[in-house]
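What the coordinates show
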Amino acid sequence: MKNFEKYTKQYFPVKNAPMRWTQKDYVDHAPIWCSVDLRDGNQALINPMTLEQKLEFFKHLVKIGFKEIEVGFPAASETEYEFCRALIEQNLIPDDVTIQVLTQSREHIIKKTFEALDGAKNVIVHLYNSTSVSQREQVFRKEKNEIIDIAVMGAELCKKYRETAKGNYYFEYSPESFTGTEPEFAVEICNKVIEIWEPTPDSKVIINLPVTVSHSMPHVYANQVEYMCDNLLNRENLIISLHPHNDRGCAVADSEMGLLAGADRIEGTLFGNGERTGNVDIVTLAMNMFSQGVDPQLNFENLPEIVKHYEEITDMTVYDRQPYSGKLVFAAFSGSHQDAIAKGMNWRKEKNCQHWTVPYLPIDPEDVGRVYEADVIRINSQSGKGGVNYILENQFGISMPKNMWETVGYMIKQVSDDAHRELQPSEVYDAFEKHYINIKAPVKLKEAHYKQLGEENGIEADVTVEYNGNVINKQGQGNGRLNAVSDTLKEMLGVEYVLHTYTENAMEEKASSKAVSYVGIKDANGKNFWGVGIATDIIDSSLRALFSAVNNMINA
Ligand code: KIV
Ligand code: ZN
């Protein structure tokens, strides 16, 4: 690629970072979650949400279990102001939910922000100003001390307005563009704010360390987070919050490593909506924890419904392969994956496993509202016998003998290949039915009567068939009814084969139960043919299976 030399590192790694966080391997409890869907997410939408949509989205976030929700930047737009007022005046904020509002460090904006909050019970006022080298130089053209002055001025104003406000007001400060800021300067500016706000155990201060733009690998960010935790004043009365954007596709890793490095809180959005490549996807983060046996304290038990609702309101689409929530994330098309999953599911049943260890599936799809049969085993021309068998068995009660799987697998593969598309489970069954079940041409059983030939001498069968329009009757013998009919049939039709497989299973169908029989025969050239019979009576179903197999042989 041309022009790579144009780029350089825009971050400041912590020198001699202790990296204590690398000794931990997983996050063992849920962080405090803060949804920024209604602010950061909303400001990134092509068509921002209307007031009504915001109200609906807010309720949706509450239902999922968010206890902290950034509702907007009330001083920045009339809709955001009105939304904040509507939430408060219509009493829509549950007592255990704290709303958060963003404000720049400017007097009239802070004043309007506090006006928007009048009457709220629990509030986080989120003050920010930008601190990175590029913002200081290019956007503000200010020295470090002048940037500190902006933060100090805003912090003092917030403190002043809180003195007369009614309700529980908490403060958050973000050194915006933290990841492009020298760590020493980030500590210096945050400490100035902390000194003004004087956090206590009852009134902790949130210090948010945004990955406003992602510049580095996640371990560099984690070192920065650890450095802040080590050097901020009054750490025990601080809540260290992370706000990763996803420019390098590392927002989840940034968050997880940042939590290991000492952070307590995450700001993010559903499905990672947000400026440019988005904010961190809280669903992925939460479900990553869930998949390691940690309760995420958010409810994603019906992800398809949450996706639908989100797509309707935001007009965004959730990518098919978005972790946990995409349509295809549990789908296995490939034969070997299907086979392993089906075996893993059987293992679970057999061993009554306490923990989920099924190959290829990081979590049980049913835990997020997905349907195993429809969402996991998907049939196309790459699928194998295991997947086809799984669908037929679990959705249609067809338990084929193992030596039939391969033939049926190839047949279904061919059907999908010819159609150039995935097959729905009902299409798999239709193809199976057409090829194997109750095949009655060219030879059809009309009647069969049996006589027991003493205790040891087997059965005599009197068989009447219709073959190419002619009715033929014959008697024959065998060691069971099926064999007696089969041997009579061979003579009647003048055909040669060996009946090598016979199995059956019961198929529950609404109130009644049917018998399904499977017959495998081998012709004089060693070629296998299969037939399946379904009937209420077991003898009847076995004969139907036999006639289906023989018809398949004659028709081949
Ligand atoms: O990404 C960011 O830095 C922000 C701040 C306002 C926290 O959204
Ligand atoms: Zn942001």
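Remember, it's a predicted structure, so these values are computed and weren't measured experimentally.

Remarks on the overall build of the protein
- Scanning the protein from terminus to terminus reveals 18 helices and 14 strands.
- Whereas a compact globule of 556 residues would reach a radius of gyration of roughly 24 Å, the protein reaches 34 Å, over 25% beyond that.
- Overall, the C-alpha framework of the protein stretches about 105 × 55 × 45 Å when taken along its three principal axes.
- Taking all 556 residues of the protein together, 52% fall into the buried category.
- When contacts within the protein are restricted to residue pairs at least 6 apart in sequence, long-range pairs at least 24 apart make up 67% of them.
- Within the structure as shown, the protein displays about 26,400 Å² of accessible surface, and the carbon and sulfur contribution to it stands at 47%.
- When the 56 basic and 79 acidic side-chain charges of the protein are each reduced to a single mean position, those positions are 2 Å apart.

Some details on the pairing of strand β11 (residues 470–478)
- Both strand β10 (residues 459–467) and β11 contribute to a ladder of 9 bridges, which runs antiparallel. Bridge pairing in β11 places Glu460 opposite Gln477.
- If you look at the hairpin formed by β10 and β11, you'll find 2 residues sitting between the two strands, and Asn468 has a positive phi there, around 50 degrees.

As for the environment of Lys24
- Along the chain, the position of Lys24 falls in the segment before β1 (32–35).
- As a C-alpha pair, Lys24 and Met257 span 233 residues in sequence and 9.5 Å in three-dimensional space.
- Within the structure, Lys24 has its side chain in polar contact with the backbone oxygen of Leu260 (distance 2.8 Å).

Notes on the packing of aromatic side chains
- Applying the stated criterion across every chain, the model contains 9 aromatic pairs.
- Ring centres of Phe73 and Tyr128 lie 6.4 Å apart, and the angle between their planes is 80 degrees; this geometry places the pair in the edge-to-face category. With a gap of 55 residues between them, Phe73 in the loop between β2 (68–72) and α3 (78–89) and Tyr128 in strand β4 (residues 122–130) connect regions that are remote in the sequence. An identical accessibility class is assigned to Phe73 and Tyr128; each is buried.
- In this structure an aromatic cluster arises from ring pairing among Phe114, Tyr161 and Tyr169.

Quick look at the pattern of salt bridges
- Taken as a whole and assessed by the stated rule, the structure comprises 27 salt bridges.
- When the shortest N-O distance is used, the salt bridge between Glu198 and Lys159 registers 3.5 Å. Of this pair, Glu198 sits in the loop between α7 (183–197) and β6 (205–211) while Lys159 sits in helix α6 (residues 144–164), placing them 39 residues apart in sequence.
- Judged by relative accessible area, which is 27%, Lys159 ranks as partly exposed.
- One salt bridge connects Lys490 with Asp487, and the closest N-O pair in it is separated by 3.6 Å. Separated by 3 residues within a single helix, Lys490 and Asp487 lie in helix α17 (residues 481–493), roughly one turn from each other.
- Given a relative accessible area of 30%, Asp487 falls into the partly exposed group.

Some points on the site of ligand 1
- With respect to spatial proximity, the complete set of residues near ligand 1 consists of Arg39, Asp40, Leu102, His126, Ser174, Glu176, Asn208, Pro210, Thr212, His243 and His245.
- His243 places a polar side-chain atom, nitrogen or oxygen, 3.1 Å from an oxygen atom of ligand 1.
- Its free accessible area being 260 Å², ligand 1 has 95% of it covered by the protein chains.
- Elements represented by at least two residues in the shell around ligand 1 include exactly α1 (37–43), β5 (168–176) and β6.
- Residues that form the shell around ligand 1 fall into these classes: 2 nonpolar, 6 polar and 3 charged.

Examining the sheet that holds β2
- Taking strand neighbours around the barrel as the criterion, the 8 strands line up as β1-β2-β3-β4-β5-β6-β7-β8 in a closed arrangement whose pairing is parallel. The average angle at which neighbouring strand axes cross in this sheet is 25 degrees, direction not considered.
- Relative to β4, strand β3 (residues 98–104) is paired through 6 bridges, and the arrangement is parallel. Residue pairing for β4: Leu102 is matched across the bridge by His126.

Brief notes about the sheet that holds strand β14 (residues 528–535)
- Spatially, the 3 strands line up as an open sheet ordered β12-β13-β14, and their pairing is antiparallel. Every interior strand has two partners, whereas the edge strands, β12 (497–509) and β14, have only one. The average angle at which neighbouring strand axes cross in this sheet is 15 degrees, direction not considered.
- Sheet analysis places strand β13 (residues 512–523) next to β14, joined by 8 bridges and oriented antiparallel.

Description of a negative patch on the surface
- A cluster of like negative charges, contributed by Glu137, Glu143, Glu146 and Asp149, occupies part of the molecular surface.
- Along the chain, Glu143 falls in the loop between α5 (133–140) and α6.
- Of the residues examined, Glu143 reaches a relative accessible area of 54% and is grouped as exposed.

Overview of the pairing of strand β9 (residues 443–452)
- Where β9 meets β10, 9 bridges bridge the pair, whose relative direction is antiparallel. Following the sheet pairing, Gln452 is matched in β10 by Ile459.
- Connecting β9 to the next strand, β10, in antiparallel fashion are 6 residues, including Gly454 with a positive phi near 65 degrees.

What to know about the state of the cysteines
- According to the stated counting rule, one finds 0 disulfides in the structure shown.
- Just so you know, Cys229 is unpaired, no disulfide at all, and the nearest cysteine sulfur is the one on Cys190, 11 Å from it.
- This cysteine, Cys250, is not joined by any disulfide, and Cys229 carries the nearest cysteine sulfur, 20 Å off.
- With a relative accessible area of 13%, Cys250 lands in the buried category.

Quick look at helix α18 (residues 538–555)
- With 18 residues, α18 ought to run about 26 Å at 1.5 Å a step, and its terminal C-alpha atoms sit 25 Å apart, in line with that.
- Taken together, the buried positions of α18 are Ser541, Ser542, Leu543, Ala545, Leu546, Phe547, Ser548, Ala549, Val550, Asn551, Asn552 and Met553.
- N-cap assignment for α18: the residue whose side-chain oxygen lies 3.2 Å from the backbone N of Ile539 is Asp537.

Regarding the side chain of Ser216
- With respect to the helices and strands, the residue Ser216 is situated in the loop between β6 and α8 (218–231).
- Ser216 sits in the buried class, given a relative accessible area of 7%.
- When neighbours within four sequence positions are excluded, Ser216 is seen to be in contact with Tyr11, Tyr221 and Arg248.

Criteria and thresholds
- Residues numbered from 1 in each chain as written.
- Chains lettered and ligands numbered in written order.
- Predicted model: local features only at pLDDT ≥ 70, side-chain atom pairs only at ≥ 80, totals over all residues.
- Heavy atoms only, no water.
- Helix = DSSP H or I, 4+ residues; strand = E, 2+ residues; numbered from the N terminus.
- Rg over C-alpha atoms; globule rule 2.2 N^0.38 Å.
- Buried < 20%, exposed > 50% of the residue type's maximum accessible area, 1.4 Å probe, protein only.
- Contact = heavy atoms within 4.5 Å.
- Areas by Shrake-Rupley, 256 points an atom, 1.4 Å probe, with all protein chains shown as cover.
- Lys, Arg positive; Asp, Glu negative; His and termini not counted.
- Charge placed at Lys NZ, Arg CZ, Asp CG, Glu CD.
- Pairing = 2+ DSSP bridges.
- Polar contact = N/O pair within 3.5 Å; in protein donor to acceptor, adjacent residues only side chain to side chain.
- Phe/Tyr/Trp six-rings, centres within 6.5 Å; stacked < 30°, edge-to-face > 60°.
- Salt bridge = Lys/Arg side-chain N within 4 Å of Asp/Glu carboxyl O.
- Near = heavy atom within 4 Å.
- Nonpolar A, V, L, I, M, F, W, Y, C, P; charged D, E, K, R; others polar.
- Axes fitted to C-alpha atoms, helices over the stretch in contact; angles between N-to-C directions.
- Patch = residues over 30% accessible without salt bridge, like charges linked within 9 Å, V, L, I, M, F, W, Y side chains within 5 Å.
- Disulfide = S-S within 2.5 Å.
- Expected span 1.5 Å × (residues − 1).

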